[in-house]
Amino acid sequence: MKRVLNVGGNDRSIIALPAEYAGFEHVLLDIDPSVKPDILCDARQLATLDVGQFDAVHCSHNLEHYHLHDVPKVLAGFMHVLKDGGIAQIKVPDIAEVMRIAVERKLDVEDTIYQSSIGPISVHDILYGHGREIERSGQDFYAHKTGFTPRLMSKVIHQAGFSRMYSMVGNLEIHVLAFKGLPDPSLRAIFKLPPDR
């Protein structure tokens, strides 16, 4: 059975993994003990875990919770825990698109940029973290400490040593699939990625 490490996945009963991970063993890693993770750990400390134990790392809207100087530590941790041929799936807010829309619509930082299942999301929420969640929890780790554009995301992924990267943008987010070493053909098929040429 393939294994996926869900980094910063919060409460698994509320936030499900994408359908591609059906049949994977789901291991939840989070810094918040209240979500009852399988591994209670700061993602900057992934190098303390056993090496090469996961086929995939899923990290959705978590990487922006670290200062830019800490992002290489987190990505190095992904490389550490991934098997050769493994895949990292990373989603972050697309700050370039957020800024473009804010300017185009003449939005102030407190204005709503979109409606979500948890209510209105402001420009400020995307830039600095979901204000109501930070206030409710009293936890700084819910704050956003950096932002990514497609160009910056590509740069940090390549600097981390990932061999192949597929990047998509849309819905105010950047979605990256990055491989450690030669991509595992079964993972390519699961994520419907084209073969190497």
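Since we're looking at a predicted model, the values are computed, not measured.

Cut-offs and rules
Residues numbered from 1 in each chain as written. Predicted model: local features only at pLDDT ≥ 70, side-chain atom pairs only at ≥ 80, totals over all residues. Heavy atoms only, no water. Pairing = 2+ DSSP bridges. Helix = DSSP H or I, 4+ residues; strand = E, 2+ residues; numbered from the N terminus. Contact = heavy atoms within 4.5 Å. Axes fitted to C-alpha atoms, helices over the stretch in contact; angles between N-to-C directions. Core = buried A, V, L, I, M, F, W, Y, C linked by side-chain atoms within 4.5 Å. Buried < 20%, exposed > 50% of the residue type's maximum accessible area, 1.4 Å probe, protein only. Phe/Tyr/Trp six-rings, centres within 6.5 Å; stacked < 30°, edge-to-face > 60°.

Colleague: I'm lost on the sheet that holds strand E1 (residues 3–7) in this one. Help?
Modeller: Strand pairing within a sheet occurs via backbone hydrogen bonds; the two strands may be parallel or antiparallel. One open sheet accounts for seven strands, arranged E3-E2-E1-E4-E5-E9-E8; its pairing is mixed. With one partner strand each, in any of the chains shown, strand E3 (39–40) and strand E8 (164–170) form the two edges of the open sheet. Here two bridges tie strand E2 (residues 25–30) to E3, and the two strands are oriented parallel to one another. For Asp30, the partnering residue across the bridge sits in E3 and is Leu40. Against the sheet, helix H5 (residues 150–159) contacts strand E5 (82–93), E8 and strand E9 (173–179), and its axis sits at roughly 20 degrees relative to E9.

Colleague: Just checking my understanding: could you explain the nonpolar core for this structure?
Modeller: General note: in soluble globular proteins, nonpolar side chains tend to be found buried as a group. Membership of the largest hydrophobic core comes to 32 residues, with the highest contact counts inside it found for Leu5, Leu63, Phe78, Ile90 and Met153. Those elements that place two or more of their residues in this core are E1, E2, strand E4 (54–60), helix H1 (71–81), E5, H5 and E9. Looking at this core element by element, the count peaks at six residues for H1. When residues no more than four places from it in sequence are discounted, the contact partners of Phe78 are Val7, Leu46, Val57, Cys59, Ala88, Ile90 and Phe162.

Colleague: What is the right way to read the packing of aromatic side chains from this model?
Modeller: Tallied over the entire structure, the rule returns four aromatic pairs. Between Tyr21 and Phe24 the ring centres are 5.3 Å apart and the planes differ by 80 degrees, which places this aromatic pair in the edge-to-face class. With a relative accessible area of 4%, Tyr21 lands in the buried category. Phe24 sits in the buried class, given a relative accessible area of 11%. Measuring from ring centre to ring centre gives 6.5 Å for Tyr166 and Phe179, while their planes differ by 85 degrees; the resulting arrangement is edge-to-face.

Colleague: Help me understand the side chain of Thr146 in this model?
Modeller: Mapped onto the elements, Thr146 comes out in the loop between helix H4 (131–137) and H5. Look at Thr146 and you get buried, because its relative accessible area is 14%. Apart from the residues lying within four places of it in its own chain, the contact partners of Thr146 are Leu63, Glu64, Tyr66, His67, Leu68 and Val71.

Colleague: What exactly am I supposed to notice about the environment of Ile39 here?
Modeller: Relative to the helices and strands, Ile39 resides in strand E3. What Ile39 contacts, discounting residues up to four positions off in sequence, is Leu5, Val27, Leu28, Leu29, Asp30 and Leu49.

Function cannot be inferred from these measures alone, as they are strictly geometric.
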